[in-house]
Amino acid sequence: METKQKYLTEAVPSFTPRTAMEEAARCLLCHDAPCSKACPAGTNPGKFIRSIRFRNIKGAAETIRENNVLGGICARVCPYDKLCEEACSRTGIDRPIQIGRLQRYVTDQEKAFGMKILKAVEATKEKVACIGSGPASLAAAAGLALKGYKVTVFEEKEKAGGFLTYGIIPSRLPQSVVDEEVQYIKDLGVEFKFNCKVGKDITIEELRKEGYAAFFLATGTQLPKTIDIPGVDLDGVTTAVDFLAAAKPNNGDIEVGENVVVIGGGDVAMDCATTARLLGAKKVTVLYRRTQEEMPANKEELKFAQSLGVNFAYTFRPGEILGKDGKVVAITGEGTDGESKIQLKADKVIFAIGQKADDLKEIVADIELNEKNLVVADEEADCKTNIPYIFAAGDVVNGGKTVVHAVAAGKVAVDSIDEYLTSIREIEATDKEVAAEKEGAR
Ligand SMILES: Cc1cc2nc3c(=O)[nH]c(=O)nc-3n(C[C@H](O)[C@H](O)[C@H](O)COP(=O)(O)OP(=O)(O)OC[C@H]3O[C@@H](n4cnc5c(N)ncnc54)[C@H](O)[C@@H]3O)c2cc1C
Ligand code: SF4
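All of these numbers come straight from a predicted model, not from anything done at the bench.

Caption draft 1: View of the site of ligand 1. The local shell around ligand 1 holds 34 residues, among which Val77, Glu155, Arg172, Gln222 and Asp395 are the closest. A distance of 3.1 Å separates an oxygen atom of ligand 1 from a polar backbone atom of Ala136. Glu156 is positioned such that a nitrogen or oxygen atom in its backbone is 3.1 Å from a nitrogen atom of ligand 1. Here ligand 1 has 1000 Å² of accessible area as a free molecule, and 95% of this is covered by the chains. Here the residues of the shell around ligand 1 are counted per class, giving 15 nonpolar, 11 polar and eight charged. Mapping the shell around ligand 1 onto the domain boundaries places at least three of its residues in each of domain 2 (125-222 + 357-429) and domain 3 (225-355).

Given below as structure tokens:
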């Protein structure tokens, strides 16, 4: 397969009905289902695999969707090896059940047979604004719409999905899957306003005047981090977020350069390295400051990068980026032993060392932030901020976790926002009753 096609095509093949049944038949149908306890979003693999075993695909789809509106997305991007599959009882016998692939099989069948599990309900309750359209907001928006709220998602970019659309590579998450699940949420009655940055194009105060009674802030961490070394401003130096965000919406039609150096050692660094290689870079080198054993990247992703011929320079920190006529031509690395030095030819240098939150005070001047400039909220308990009508969750609170953690937090926000608005409604109803009684007594 042509390498660009490999970038655009889902790497893990889907189960056929026969292989899905065979895999489900390996499940021990554990009474306590440790897999289900290990899913942050409560997708309940123990229950949906039982349904597959009994050839009840609709029942399996109901279990998945009712717990996780982004079931098809999570089926592809979740770190199972650290969650449900790690907890699976079969791990101790031979190997875990392939829960992610079974979940993907069910959501694909749901689509193929036009089963629409979640149905829109009449929106009779207050207006709620979700700021950002990443997985945290999408989960919250769907949950609130299903409870009868009028929900609008405000997104500064032109497409929905946050890092689902502008980060995760298509060979792991095709854009069509994101678009379909966003459509699923639109069909629940959620409205989307794109190219609208809250805090710049519209303010929270203006939205309150328009009748929005509660806000869910899930703006993620959009600003890339770099290291302040000489040459960082040269043409050809970029960041993981910018590089990947340019590649995916353009179906890989971007200029990647011939010699690419990626700085970092996490999953995002692997994504950059494999993307650069698949999109035509001749030589890709990952520069990482610690050893291979200490590298946080998923081992499968690392193996995939190695299989594509990506080189690794371990225990080197970036020293200086060298340029000619304003363009990057090389980068030096300094060994953590204090002596070693390397110089790598480069026409592109990609920083993949994490992201940070935008200036949140621009959105809400009085919001309480911690020392990392993240919103202070307990996303596992209630997502409440210091402002009663503003709730927050996802990367903007936790600093950067996973899609399924964002979904889980979005679900917590649904209950918390519902509780808040219900209590206001009740207080207003009581006030009205008291006023009516007083009026009657006159
Ligand atoms: C390259 C990359 C690869 C990843 N791969 C995986 C993976 O394989 N598996 C996994 O589980 N996790 C992965 N993650 C992490 C995962 O994508 C995030 O944890 C998750 O997307 C966080 O969701 P969120 O809703 O909090 O924020 P985001 O997904 O960041 O979405 C926030 C949205 O808010 C919008 N926004 C920001 N400010 C405003 C504003 N003022 N007004 C309106 N809109 C605004 C942004 O444009 C964005 O669309 C990856 C992350 C990256 C960067
Ligand atoms: S833990 Fe594994 S074997 Fe047990 S119910 Fe879950 S998937 Fe099946």
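Caption draft 2: Quick look at the sheet that holds strand S12 (residues 341-345). Taken together, three strands build an open sheet; the order of strands is S10-S11-S12 and the sheet is antiparallel. One side of each edge strand has no neighbouring strand; the edge strands of this open sheet are strand S10 (316-324) and S12. For this sheet, the mean angle separating the axes of adjacent strands, direction not counted, is 25°. Summarising the sheet, strand S11 (residues 327-335) and S12 pair through five bridges and their orientation is antiparallel.

Caption draft 3: Broad picture of the packing of aromatic side chains. Under the counting rule described, the total for this entry stands at six aromatic pairs. The residue whose ring lies beneath Lys157 is Tyr166, and the NZ or CZ to ring-centre distance is 5.1 Å. Above the face of the Tyr389 ring, Arg208 is positioned so that its terminal group lies 3.7 Å from the ring centre.

Caption draft 4: Representation of the site of ligand 2 within the structure. Neighbouring ligand 2 are the residues Cys27, Leu28, Cys30, Pro34, Cys35, Ile49, Cys88, Ser89, Ile97 and Ile99. Here the shell around ligand 2 is built from residues that sort into nine nonpolar, one polar and no charged.

Caption draft 5: Just the side chain of Thr43, in detail. Residue position: Thr43 is located in the loop between helix H3 (34-37) and helix H4 (45-53). Within the local environment of Thr43, its side chain forms a polar contact with the side chain of Asn68, the two groups lying 3.4 Å apart. The contact partners of Thr43, leaving out residues within four places of it in the chain, are Phe48, Thr63, Ile64, Asn67, Asn68 and Gln103.

Caption draft 6: How the structure looks around the sheet that holds strand S3 (residues 191-193). Strands sit in the order S3-S2-S1-S4-S15 across an open sheet of five strands; the sheet is parallel. Both edges of this open sheet fall to S3 and strand S15 (390-392), since each of them pairs with a single strand only. Between one strand axis and the next, the sheet turns through 25° on average, direction left out of account. Here strand S2 (residues 150-154) pairs with S3 via three bridges, running parallel. Bridged to Val153 within S3 is Phe192.

Caption draft 7: Geometry of the UniProt feature "domain: FAD/NAD(P)-binding" (unreviewed entry) in the protein chain. Under the local residue numbering, the UniProt record ascribes the feature "domain: FAD/NAD(P)-binding" (unreviewed entry) to residues 127-410. Annotated as residues 127-410, this span is 26% helix and 24% strand, and its ends, taken at the C-alpha atoms, are 17 Å apart.

Caption draft 8: Here's a closer look at the UniProt feature "domain: Dihydroprymidine dehydrogenase" (unreviewed entry) in the protein chain. Residues annotated in UniProt with the feature "domain: Dihydroprymidine dehydrogenase" (unreviewed entry) correspond here to residues 7-112. Annotation note: span residues 7-112, helix share 57%, strand share 0%, distance between end C-alpha atoms 24 Å.

Caption draft 9: Representation of the pairing of S10 in the model. With seven bridges connecting them, S10 and S11 associate as antiparallel partners. Within S11, the residue paired with Leu322 across the bridge is Ala330. Taking the residues between adjacent antiparallel strands as the criterion, S10 and S11 are bridged by two residues, where Asp325 takes a positive phi near 50°.

Caption draft 10: Molecular detail of the pairing of strand S1 (residues 127-131). Here S1 lies mainly inside the structure; four of its five residues are buried. Pairing between S1 and strand S4 (residues 212-217): five bridges, direction parallel. Paired with Lys127 across the bridge in S4 is Tyr212. For the crossover that starts at S1, traverses helix H9 (residues 135-146) and ends in the parallel S2, the hand is right-handed.

Caption draft 11: Geometry of the packing of helix H14 (residues 267-278) against helix H15 (residues 299-307). It is the contact of H14 with H15, at a shortest axis distance of 10 Å, that shows an interaxial angle of 25°. Taken together, the axes of H14 and H15 are roughly parallel relative to one another. Where H14 crosses over H15, the two elements pack in a sense that is left-handed. Residues Asp267, Met270, Asp271, Thr274 and Leu278 of H14 form the contact with H15, whose participating residues are Glu301, Leu302, Phe304 and Ala305. For the contact of H14 with H15, the residue count by class is five nonpolar, one polar and three charged.

Caption draft 12: How the structure looks around the pattern of salt bridges. This structure, assessed with the given rule, holds 23 salt bridges. A salt bridge links Asp187 to Lys116, with the shortest nitrogen-to-oxygen separation between them at 3.1 Å. Remark: Lys116 occurs in the loop between helix H8 (99-112) and S1 and Asp187 occurs in the loop between helix H11 (175-186) and S3; sequence separation between them is 71 residues. The exposure class of Lys116 is partly exposed, given its relative accessible area of 34%. What emerges from the salt-bridge pattern is a single network uniting Glu10, Arg76, Arg104 and Asp108.

Caption draft 13: How the structure looks around the layout of surface pockets. Roughly 270 Å³ of volume is contained in the second largest pocket. No other element matches S10, which puts three residues into the lining of the second largest pocket. Taken together, the residues of the lining of the second largest pocket sort by class into nine nonpolar, three polar and three charged.

Caption draft 14: Structural view of the environment of Asn259. Within the secondary structure, Asn259 sits in strand S7 (residues 259-263). It is 9.1 Å that separates the C-alpha atoms of Asn259 and Val329, two residues lying 70 residues apart in sequence. Not counting the four nearest positions on each side in its chain, Asn259 is found in contact with Lys283, Lys345, Ala346, Asp347 and Lys348.

Here is what the cut-offs are and how they apply
- Residues numbered from 1 in each chain as written.
- Chains lettered and ligands numbered in written order.
- Predicted model: local features only at pLDDT ≥ 70, side-chain atom pairs only at ≥ 80, totals over all residues.
- Heavy atoms only, no water.
- Near = heavy atom within 4 Å.
- Polar contact = N/O pair within 3.5 Å; in protein donor to acceptor, adjacent residues only side chain to side chain.
- Areas by Shrake-Rupley, 256 points an atom, 1.4 Å probe, with all protein chains shown as cover.
- Nonpolar A, V, L, I, M, F, W, Y, C, P; charged D, E, K, R; others polar.
- Domains from an automatic or database assignment.
- Pairing = 2+ DSSP bridges.
- Helix = DSSP H or I, 4+ residues; strand = E, 2+ residues; numbered from the N terminus.
- Axes fitted to C-alpha atoms, helices over the stretch in contact; angles between N-to-C directions.
- Phe/Tyr/Trp six-rings, centres within 6.5 Å; stacked < 30°, edge-to-face > 60°.
- Lys NZ or Arg CZ within 6 Å of the ring centre and 35° of its normal.
- Contact = heavy atoms within 4.5 Å.
- UniProt positions renumbered as here; feature names shortened; annotations may be inferred.
- Buried < 20%, exposed > 50% of the residue type's maximum accessible area, 1.4 Å probe, protein only.
- Right-handed = clockwise from strand over helix to strand, strands pointing away.
- Parallel < 35°, antiparallel > 145°, perpendicular 65-115°, else oblique.
- Left-handed = near helix turned anticlockwise from the far one by under 90°.
- Salt bridge = Lys/Arg side-chain N within 4 Å of Asp/Glu carboxyl O.
- 1 Å grid on protein atoms, 1.4 Å probe; cavity = no way out; pocket = protein on both sides within 12 Å on 5 of 7 lines; lining within 4 Å.
- Points joined across faces, edges and corners; volume = space filled by probe spheres on them.

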